[in-house]
Amino acid sequence: MLTVVKKDNSREDFKTAKIIDAVKKAAYRCDQTIDEERLDRIAAEVRQRLADEKEVSVGQLHELVIAVLASQQFRQVAEAYAEYRYYKTTYAKTFEQLRQDADDVLRLGDRENANYDSSLVSTKGSLIKGYLTKSLYKQFYLSGREKELIERGDIYIHDLRDMILGCINCCLFDIGRVLKDGFEMSNVQYSEPKTVLSALQVIGDITLVATAQQFGGFTLPELDKVLLPYVKKSLAAALAKYREIGIDEETAQRIAKKDVVRELEQGFQSLELKLNTVPCSRGDFAFTTITFGQWDVDKNSEEDKEWLKTISVVMLRVRRNGHGKDGKPVVFPKLVYLYDEKQIDSDRSSSELFDEAVRTSSECMYPDYLSLSSESGSVSKIFQETGAITSPMGCRAFLSYWENEQGEAVTVGRCNIGAVSLNLPIILKLAQLQHPDSWRDAFWTILDERLEFIRSFFNKRYDIIRQQKCSSNPLAFTQGGFYEGTKGPDEKVGDLVRYMTASFGITALDEATYLWSGKRLVEEGGEFSSTVLTHLKEKLAQFKAEDHYLYAIYGTPAESLCSTQARQYDTFCKANSIDNVFAHTAHYSPDYFTNSFHVNVTEEITPFEKQDHEFRDFHLCEGGHIQYVRLDNPDNFDAVKSVIRRGMKKGFYQGVNFDSAYCGDCGKHSTNVLHTCPHCGSTNLSVISRVCGYLGYSNVNGTSRMNDGKMCEIKNRKSM
C-alpha cells in the first residue's frame with residue numbers, strides 16, 4: 001500500500017479519488033472539462049509512476065500530477081493545478097494587503113458605497129469579511145484569464161465579495177404572498193398581520209432578514225395594493241370597537257378612518273426609521289425600493305381607490321416631514337411612482353396622488369417615476385399587453401420579460417443573479433495598441449471576446465445558484481418570496497433559475513465616444529454609443545437562444561466603479577506609455593468616468609435637451625436604466641411636473657436631481673449647496689445627493705460617505 005506523507009508529517013493511504021477531485025477543480029478553474037475516462041487514466045498513470053514506491057510526500061505527489069497532466073496534453077489544467085497548489089507563495093503578499101485594508105477600515109472607514117456607514121463596528125466587521133471573501137474568490141474560483149481581465153479592468157464583476165456565497169442579486173420580492181396566511185422566519189412562526197400597522201412592522205423585519213441573504217436592491221413592488229387588505233382589517237376592527245360602545249355610525253366611520261390613517265403614519269415612520277438606522281446583518285442598510293400608484297380604475301371600488309390613494313399619500317407625507325427636530329428626510333426606501341397616464345386623466349384619486357408625488361419630488365427628489373403608458377419602452381409595452389408591472393430593482397436594474405408555462409407574464413417574485421460590466425475605454429485602447437492600422441475592426445473582435453467571457457462566467461453562476469439549497473434564502477425559496485418559492489429547505493433551487501436575469505453592464509459610453517471620434521457624446525450625436533448597444537443587443541439575443549438564460553443589457557450606475565475604471569484606465573495607459581487624454585481634456589477628469597449611457601455631467605444643456613440626448617440609448621439598455629435631470633429651482637411645482645410628464649411620454653424611468661442640504665446649526669434647509677450653509681455659513685451640513693440612480697449622503701455633518709471620484713463628479717455636475 002502506497003502511503004502519502006502530508007505536510008504535517010501525518011500519513012494516509014494513497015487515494016485515487018483525491019487525485020481525480022483535485023484535477024476536476026483545476027480543470028474548472030481554466031474553463032475546461034475532462035471526461036471520466038480520461039480522469040481515470042490520469043490517476044492511473046500517477047499511480048503507475050509510483051509503483052515502486054512505498055511512500056511519497058504530498059509535494060512530490062503534486063509535482064507528479066502536474067507532469068502527468070502536461071504529458072497528456074492538458075497543459076492549461078496543469079498550470080491551473082500548479083497555481084492552486086503554489087498559492088502559498090503569494091499568501092504573504094495577499095495577507096499583507098488584507099491587513100492593510102482592514103487597518104484602513106478600522107482607522108479611516110470606507111467610502112466605496114454610500115449605503116455603508118463604516119463608522120459602525122458591525123459594518124467594519126462586514127467590510128473586513130468582504131475583503132477576505134473577495135480575495136478567496138479571486139484566488140481560488142476565478143480562472144486565470146478571468147483574473148487577468150478583472151485586474152487590468154477590461155471587465156468588472158460586481159459584488160465580487162458575495163460571489164463565493166452563491167446568493168442572488170436584486171429582486172422583486174413577493175411580500176404579499178409571504179404575509180398571506182402567515183410564514184416562518186428564523187425558525188419562528190408568524191401569523192398573518194391583523195392590522196396595517198403590524199403589517200408594516202413585520203414588512204420591516206422581513207426586509208432586514210431577507211436582504212441579508214442577497215446583495216443588491218430589494219424591491220417591495222406595488223406595496224399599496226399589498227397593504228389594502230390590512231387597511232380594511234384595521235378599519236373593520238376600529239369600527240367594531242366604536243360600534244360596541246354605542247357611537248353612531250357616521251361618527252364611528254370618521255373616527256375609525258382617522259385611526260387607520262394614524263396607523264399608516266406610525267407604520268411608515270417605523271419602516272423608515274428601521275431601514276435607515278438598523279443595518280442588516282450584511283453590514284449595509286437594506287437597499288429597499290417601494291413602488292406604488294397604479295390600480296385598475298374600473299375594477300376597484302371608489303372606496304378602494306380612495307384608500308389606495310391614502311396609503312401612498314401618507315407614505316409621501318411621512319417622507320416629506322422627515323424625522324427629528326429638523327425634519328430631515330431619510331434616503332431609504334427608494335420610492336417609485338408607477339405612472340399610468342390614462343389612469344391619472346380618468347380618476348380623481350389618481351390625479352390627486354400624482355400631484356402629491358410631484359410635490360414630494362420637488363422637496364425630497366423621491367419619488368422617481370416609471371412610465372407604464374408610453375408608446376416607447378419595454379416596461380410600457382409589457383404592461384399594456386399583459387397588465388404585468390416590471391418594477392425597478394436597486395437604483396436601475398430591470399428584469400427581462402419572462403412568461404410561465406401557462407403563457408402568463410411574471411414579474412413579481414423574480415430576481416437577478418448579478419452584473420458584469422465592460423470598460424470600453426480600455427478595450428478601445430487595447431485595440432489601438434495591438435492593431436494600430438485596423439483598430440476599429442479589432443475593437444469589435446475584442447468586444448465580442450469579452451462578451452463571451454462574461455457569458456461563460458454567468459453560465460457558471462447559474463449552475464452554482466441552481467445547486468444551492470433553498471434554506472440558503474428561506475423567505476425567498478421556501479416561504480413564497482419568489483415565484484414557485486415554496487420548496488423544502490433541503491431542496492435545491494434548481495429550475496427556479498429559469499426566470500432569473502443576468503446583466504451585461506456598459507459604462508463610460510461618453511468617454512468611449514470621445515476615444516472613437518474625438519467628440520463628446522452630445523457633440524457626436526450618439527451614433528457610436530447606439531451602435532455599441534445595438535451590437536450588444538444582437539449578441540445577447542444570440543446567447544439567449546443558445547443558452548436559454550435571460551441576459552440583459554445593463555446601463556451600469558457606477559458608484560465606486562466610476563473612479564475604479566478611470567484609475568484602471570490610467571494605469572493601463574501608463575503601463576503602455578499611452579497618453580491619458582482625460583487628464584487634460586476639457587469636460588473630462590482622470591478621477592472618474594461617466595456612468596452608463598449618460599451624457600457628461602458638465603454639459604450645459606437643459607433638462608429637455610438631456611432627455612432628448614439620452615432617449616435612444618436609454619431604451620437600448622432595457623436591463624438597467626434611469627434618466628434624470630438637474631433642477632435649478634425645484635420649488636417650481638409646474639416646472640417639475642412638466643419635466644416628469646415629458647419623461648413619461650418618452651417611456652422613461654425618470655428622476656429629478658438637486659442637492660438637498662440640512663444645516664445642523666441653524667436647522668434651515670437649502671438646495672444645490674454642498675459644503676457651506678447659505679443661511680449661517682456653517683459647514684455642519686447633511687447633504688442628500690443622487691449617487692447614480694439612488695439617493696445617498698454626500699455629506700453627513702460635514703463628512704462624506706461617498707468616494708473621492710463620485711464627490712469630484714458631483715462637484716462638476718451641471719446637467720445631472
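Residues numbered from 1 in each chain as written. Predicted model: local features only at pLDDT ≥ 70, side-chain atom pairs only at ≥ 80, totals over all residues. Heavy atoms only, no water.

## Points about the nonpolar core
Phase 1 of the analysis: Grouped together as the largest cluster of nonpolar side chains are 189 residues, with contacts concentrated most on Phe173, Ile206, Phe268, Leu422, Phe443 and Met500.
Phase 2 of the analysis: Per-element accounting of this core gives the leading share, 12 residues, to helix H18 (residues 439–467).
Phase 3 of the analysis: Setting aside residues no more than four positions away along its own chain, Leu422 makes contact with Asp154, Ile155, Ile427, Leu447, Arg450, Leu451, Ile454, Gly505, Ile506, Thr507, Leu536 and Gln565.
Phase 4 of the analysis: Counting 30 residues, the second largest nonpolar core, distinct from the first, contains Ala27, Ile34, Ile66 and Ala78. (Core = buried A, V, L, I, M, F, W, Y, C linked by side-chain atoms within 4.5 Å. Buried < 20%, exposed > 50% of the residue type's maximum accessible area, 1.4 Å probe, protein only. Helix = DSSP H or I, 4+ residues; strand = E, 2+ residues; numbered from the N terminus. Contact = heavy atoms within 4.5 Å.)

## Digging into the packing of aromatic side chains
Two numbers describe a pair of aromatic rings. These are the distance of the centres and the angle of the planes.
Phase 1 of the analysis: Tallied over the full model, the rule gives 39 aromatic pairs.
Phase 2 of the analysis: Arranged with centres 5.6 Å apart and planes meeting at 5°, the rings of Tyr137 and Tyr141 form a pair that is stacked.
Phase 3 of the analysis: Centre to centre, the rings of Phe173 and Phe482 are 6.4 Å apart; their planes meet at 65°, and the pair counts as edge-to-face. Of the two residues, Phe173 is situated in the loop between strand S5 (171–172) and helix H9 (175–179) and Phe482 in the loop between helix H19 (474–477) and strand S13 (501–506); the sequence distance between them amounts to 309 residues.
Phase 4 of the analysis: What makes Phe173 buried here is its relative accessible area of 1%.
Phase 5 of the analysis: Three or more aromatic residues joined by ring pairs make a cluster, and in this case those are Phe457, Phe458, Tyr462, Phe504, Phe543, Tyr549 and Tyr551.
Phase 6 of the analysis: Across from the ring centre of Phe14, 5.7 Å away, lies the NZ or CZ of Arg47, which sits over that ring.
Phase 7 of the analysis: The positively charged end of Arg440 is found above the aromatic ring belonging to Trp516, 4.6 Å away from the centroid. (Phe/Tyr/Trp six-rings, centres within 6.5 Å; stacked < 30°, edge-to-face > 60°. Lys NZ or Arg CZ within 6 Å of the ring centre and 35° of its normal.)

## Observations concerning the sheet that holds strand S18 (residues 669–671)
Phase 1 of the analysis: The four strands lie next to each other as S18-S17-S19-S20, forming an open sheet whose pairing is antiparallel. A strand with exactly one partner marks an edge of an open sheet, and here the two such strands are S18 and strand S20 (695–699). Direction aside, neighbouring strands of the sheet carry axes that sit 25° apart on average.
Phase 2 of the analysis: As judged from the four bridges shared by strand S17 (residues 660–663) and strand S19 (residues 685–690), these two strands associate in the antiparallel manner. Paired with Ser660 across the strands is Ile688, a residue of S19. (Pairing = 2+ DSSP bridges. Axes fitted to C-alpha atoms, helices over the stretch in contact; angles between N-to-C directions.)

## Some thoughts on the environment of Leu160
Phase 1 of the analysis: Its place among the elements puts Leu160 in helix H8 (residues 160–163).
Phase 2 of the analysis: In sequence terms Leu160 and Gly267 are 107 residues apart; their C-alpha atoms lie 35 Å from each other.

## Focus on the packing of helix H20 (residues 509–517) against helix H22 (residues 527–547)
Packed helix pairs are specified by the crossing angle of their axes together with the interaxial distance, meaning the distance between the axes.
Phase 1 of the analysis: Put simply, H20 and H22 touch, their axes get as near as 9 Å, and they point 115° apart. On the basis of their axis angle, the class for H20 and H22 is roughly perpendicular. Crossing of H20 over H22 shows right-handed handedness. Across the interface between the two elements, Leu509, Ala512, Thr513 and Trp516 of H20 pack against Phe528, Ser529, Val532 and Leu533 of H22.
Phase 2 of the analysis: Considering only residue class, the contact of H20 with H22 consists of six nonpolar, two polar and no charged. (Parallel < 35°, antiparallel > 145°, perpendicular 65-115°, else oblique. Left-handed = near helix turned anticlockwise from the far one by under 90°. Nonpolar A, V, L, I, M, F, W, Y, C, P; charged D, E, K, R; others polar.)

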